[in-house]
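# Observations on the three-dimensional arrangement
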Amino acid sequence: MSTQEGSVDSDRDISLDEATVDFDSELLTNLGSGLINAILEQEPTEVIKALVDSGAPLWYQDEEGLSPLHAAVYVEDAELVKLLIDEGAVWNAVDNLQNTAADIALSLNNQECYTLIRDAGIRSELLLALLSARSTLSSTPSSFVIRDTDDSAAGSTDAFISSKLRFTKDEFGQEICLLKLKDDEVGVMMGWEREISEFIPDTRLCESHSNYSQGLKILNVGFGLGIIDTFFQSVAHPPSHHVIIEPHPDVLQHMRDNGWYNKTGVKILEGRWQDFIESEELLGFGGFDVIYTDTFSENYEELRKFFGHLPDLMDGPESRFSFFNGLGATNALFYDVYTHLSELHLAEDGLDVDWSDVEVGTDESENRWGKTREYFTLPIYRLPVGHMKSI
Ligand SMILES: C[S@@+](CC[C@H](N)C(=O)[O-])C[C@H]1O[C@@H](n2cnc3c(N)ncnc32)[C@H](O)[C@@H]1O
């Protein structure tokens, strides 16, 4: 066969392949839109099931981003929602307005549909966490929490630590810390979080502890603006030991400039928590009464690893643990799934969690923090306080 003949044959192969792909995608589009229409027209469940069995794709989304699951929620058919989930519907697909099917259920005040989808999300994320712990599973479209592939300074610790930070004051005189990201600056720690931090040390973590009057042993991971550490220092009975783990050179310099290295009882461990977690330098304190962590640039997988070290770090059943519960906080469903996921994972590590709702989205603060609050757009912050389960 000549080279020329060969290229004619391969050209024909390519166009045959293209024709097959076109045919397949047209078929799938027809099946997908047929399924969505059948759901919206409230055809009997058996008809819908037959369409799914004959290959109608549950992942299909029409021009408006509507999926079969969105459609089932629009017609408020909980039985169908369950069927589609059991058949593999994508629980976290968003339409063109960025609404998941569960968001639609919330807006319709349909608790049953919402809970079915939320629980599917929790199951899916739990499974992915398990698989990811056992293998080198990479991110999948249905995982939003377990693996975060953001390698910018906002999502990667390495990039974050080598980025420049700017400590400044905003127009209202509040101290803020900004991180340079390409042409933009992102808030690493913003004043609005004070509302959350203020709530933590006195009431939840410190005052009710039986060692409070003799000075608690406190561990904080991630100094940031030092809001939480300042609160820990300002309680009526200051900590006997106050360990702060912080890796960023600009933050460490800021701590130096503000006298943190000279405070009584304060020990600064320069590095990441991963560098110290099994070290004598940290474990030598012999168990902490209060532990808090908020590392900004790490994903849930890292937080989950930190949870696993808590039994070694906590002094006993009276010790308390809290963390900045901010992952998934741009969407009510994702935040709910993430909150449940962390509760289940903490339970595996032997901790019970009490949750308190803190209002952070008053109209005034909404305008006040504008773009800098884009990573937490919900009106309610769910504050966790964990205790070791007593045996
Ligand atoms: C959002 S700020 C913490 C804010 C703090 N809770 C406050 O009250 O101001 C996050 C901090 O975590 C630090 N950080 C990031 N990765 C870390 C890691 N692996 N170990 C310890 N600290 C880390 C950052 O340098 C930053 O100072």
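Residues numbered from 1 in each chain as written. Predicted model: local features only at pLDDT ≥ 70, side-chain atom pairs only at ≥ 80, totals over all residues. Heavy atoms only, no water.

Looking at an unreviewed UniProt entry, one finds the chain named RMT2 domain-containing protein and attributed to Serpula lacrymans var. lacrymans.

### Focus on the nonpolar core
Ranked by internal contacts, the top residues of the largest apolar core, which has 35 residues, are Ile 39, Leu 69, Val 73, Val 81, Leu 84 and Ile 117. A per-element tally of this core places helix H4 (residues 78-86) first, with six residues. For this core, the domains that each give at least three residues are domain 1 (3-134) and domain 2 (161-388). Ignoring any residue separated from it by four or fewer positions in sequence, one finds Leu 84 in contact with Ile 39, Val 52, Leu 58, Pro 68, Leu 69, Ala 72 and Ala 89. (Core = buried A, V, L, I, M, F, W, Y, C linked by side-chain atoms within 4.5 Å. Buried < 20%, exposed > 50% of the residue type's maximum accessible area, 1.4 Å probe, protein only. Helix = DSSP H or I, 4+ residues; strand = E, 2+ residues; numbered from the N terminus. Domains from an automatic or database assignment. Contact = heavy atoms within 4.5 Å.)

### Describing the sheet that holds strand S6 (residues 266-270)
The strand order across the open sheet built from seven strands is S6-S5-S4-S7-S8-S10-S9, with neighbouring strands paired in mixed fashion. At either margin of the open sheet sits one strand with a lone partner, and together these are S6 and strand S9 (351-359). Between one strand axis and the next, the sheet turns through 15° on average, direction left out of account. Inspection of the sheet shows strand S4 (residues 217-221) paired to strand S5 (residues 241-246) by five bridges, in the parallel sense. The residue of S5 that forms the bridge with Val 221 is Ile 245. (Pairing = 2+ DSSP bridges. Axes fitted to C-alpha atoms, helices over the stretch in contact; angles between N-to-C directions.)

### A short note on the packing of aromatic side chains
The description of an aromatic ring pair rests on the distance of the ring centres and on the angle between the ring planes. Applying the stated criterion to the full structure yields eleven aromatic pairs. Where Tyr 300 meets Phe 307, the ring centres are 6.4 Å apart and the plane angle is 80°; that geometry is what we call edge-to-face. Residue classification places Phe 307 among the buried positions, given a relative accessible area of 0%. Geometrically, the ring pair formed by Phe 307 and Phe 321 is edge-to-face, given 5.9 Å between the ring centres and 80° between the ring planes. Remark: Phe 321 occurs in strand S8 (residues 320-323) and Phe 307 occurs in helix H13 (residues 300-313); sequence separation between them is 14 residues. One cation-aromatic arrangement involves Arg 256 over Tyr 261; the distance from NZ or CZ to the ring centre is 4.8 Å. (Phe/Tyr/Trp six-rings, centres within 6.5 Å; stacked < 30°, edge-to-face > 60°. Lys NZ or Arg CZ within 6 Å of the ring centre and 35° of its normal.)

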